[in-house]
Amino acid sequence: MNIHNFIQTKYNEPFIVQRADPYVYRHEDGSYLFTASVPEYDRIVLRQSDTLDGLQDAEEVTIWKRHETGKMSMHIWAPEIHFIEGKWFLYFAASEKDDIWALRPYVLECTGSDPIADPWIEKGQMQAADDFSFQDFSLDMTVFKNQDKWYCVWAEKVSVGKKISNLYIAELESPCRLSTAQVLLTSPDYDWERVDFWVNEGPSLLRHEDKLYLTYSASATGACYCMGMLSISSGADLLDPHAWKKERLPIMKTDWEKGILGPGHNSFTKSEDGKEDIMIYHARQYDEIEGDPLYDPNRHTYRMKILWDKDGRPVFDMTNNF
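What counts as what
- Residues numbered from 1 in each chain as written.
- Predicted model: local features only at pLDDT ≥ 70, side-chain atom pairs only at ≥ 80, totals over all residues.
- Heavy atoms only, no water.
- Pairing = 2+ DSSP bridges.
- Helix = DSSP H or I, 4+ residues; strand = E, 2+ residues; numbered from the N terminus.
- Axes fitted to C-alpha atoms, helices over the stretch in contact; angles between N-to-C directions.
- Salt bridge = Lys/Arg side-chain N within 4 Å of Asp/Glu carboxyl O.
- Buried < 20%, exposed > 50% of the residue type's maximum accessible area, 1.4 Å probe, protein only.
- Phe/Tyr/Trp six-rings, centres within 6.5 Å; stacked < 30°, edge-to-face > 60°.

A. Spotlight on the sheet that holds strand 19 (residues 277-284). Pairing is antiparallel across the open sheet formed by three strands, whose spatial order is 18-19-20. The outermost strands of the open sheet, each flanked by one partner alone, are strand 18 (261-270) and strand 20 (300-305). Each strand axis lies, on average, 30° off the axis of its neighbour in the sheet, ignoring direction. When strand 19 meets strand 20, the two strands line up antiparallel, connected through six bridges. The partner of Ile 278 across the bridge, within strand 20, is Lys 305.

B. Highlighting the pattern of salt bridges. Overall, the coordinates contain 18 salt bridges when judged by the stated rule. Between Lys 258 and Asp 255 there is a salt bridge whose closest N-O contact spans 3.0 Å. Like Asp 255, Lys 258 is buried. The salt bridge involving Lys 310 is made with Asp 311; its shortest N-O contact spans 3.6 Å. Taken together, the salt bridges that share partners define one network made up of Arg 19, Arg 47 and Glu 60.

C. View of the packing of aromatic side chains. Under the counting rule described, the total for this entry stands at 14 aromatic pairs. Seen in terms of ring centroids, Tyr 281 and Tyr 302 are 5.8 Å apart; in terms of plane orientation they differ by 25°. Their pairing is stacked. Pair noted here: Tyr 281 is in strand 19 and Tyr 302 is in strand 20, with a separation of 21 residues, a long-range link. Taken individually, Tyr 281 and Tyr 302 each receive the classification buried, so the pair is uniform in this respect. Three or more aromatic residues link up through ring pairs in this structure, and these residues are Tyr 41, Trp 77, Trp 101 and Tyr 295.

D. Representation of the pairing of strand 9 (residues 138-146) in the model. Counted residue by residue, strand 9 has eight buried out of nine residues, so it is predominantly covered. Of the strand pairs in this sheet, strand 9 and strand 10 (residues 149-158) are connected by seven bridges, and their pairing is antiparallel. If you follow Leu 139 over to strand 10, its bridge partner there is Ala 155. Counting the residues that bridge the hairpin from strand 9 to strand 10 gives two residues, and of these Gln 147 lies at a positive phi of roughly 50°.

Written out as structure tokens, the structure reads:
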């Protein structure tokens with residue numbers, strides 16, 4: 001299947017077209033904010049709506065553009081917007097034209113209360129608390145609060161050659177600085193995490209009762225792209241890697257019958273009434289891609305209702321796309 005010839009089903013109609021690495025945040029006033037990687041990888045955009053449905057046709061505003069040279073001049077990837085202690089922050093990865101794979105995590109801060117209309121300022125690269133973090137290809141940073149502490153999870157590569165992308169966690173001192181050394185959460189241990197590239201990336205947190213679930217993406221970005229999951233009790237020590245449980249099999253992968261290929265890099269939000277958990281993720285409708293899959297523009301945004309089994313575990317079923 002290719003861009004001119006693919007299966008169209010009721011499950012693979014996009015929610016938002018040509019937006020990869022989607023992130024949806026539901027604010028305390030009930031409104032929704034949407035951001036994602038654009039195909040040009042050259043800017044950061046935001047949409048806002050009072051409803052989740054409304055994000056589909058909401059005006060898209062560019063709040064920041066890449067630099068012409070130097071740092072933050074290439075590969076503007078995977079933005080996430082967060083409201084931390086009364087202020088808006090946005091995390092994203094970027095490289096530079098002279099070293100296009102030198103990706104690092106950067107932070108923007110909004111100068112006012114309106115993330116769409118008020119100016120954003122650059123806070124620079126996320127600052128480490130050790131000599132190891134952010135020394136190589138680092139991206140897909142997310143932050144969350146648990147037990148009155150803020151945490152940061154990101155992907156970073158190690159080794160040589162094609163390298164290996166792991167997930168790390170640390171505690172935050174401030175929205176722009178870590179307070180603890182990195183802790184390795186997961187490496188690509190299994191065969192489904194090692195197709196073309198050995199990858200764990202794109203972490204996203206889901207809460208349910210007294211449990212935390214951390215989903216992530218694995219393998220290269222074509223049809224082999226899939227999702228795994230870690231879990232932990234909300235009262236456990238999140239910086240203890242042994243307290244996390246890793247699933248042996250992927251929780252989501254390509255479904256050829258439904259025409260959803262390479263699902264991954266997701267985020268979670270709530271329905272308007274706050275009762276349902278909803279996953280926002282990207283996928284493609286075809287597998288035959290000319291050139292590097294990273295530069296194929298047709299990774300679209302999809303959404304799915306999360307169900308919960310009798311043991312309180314999330315169920316990821318593409319028949320619940322809507």
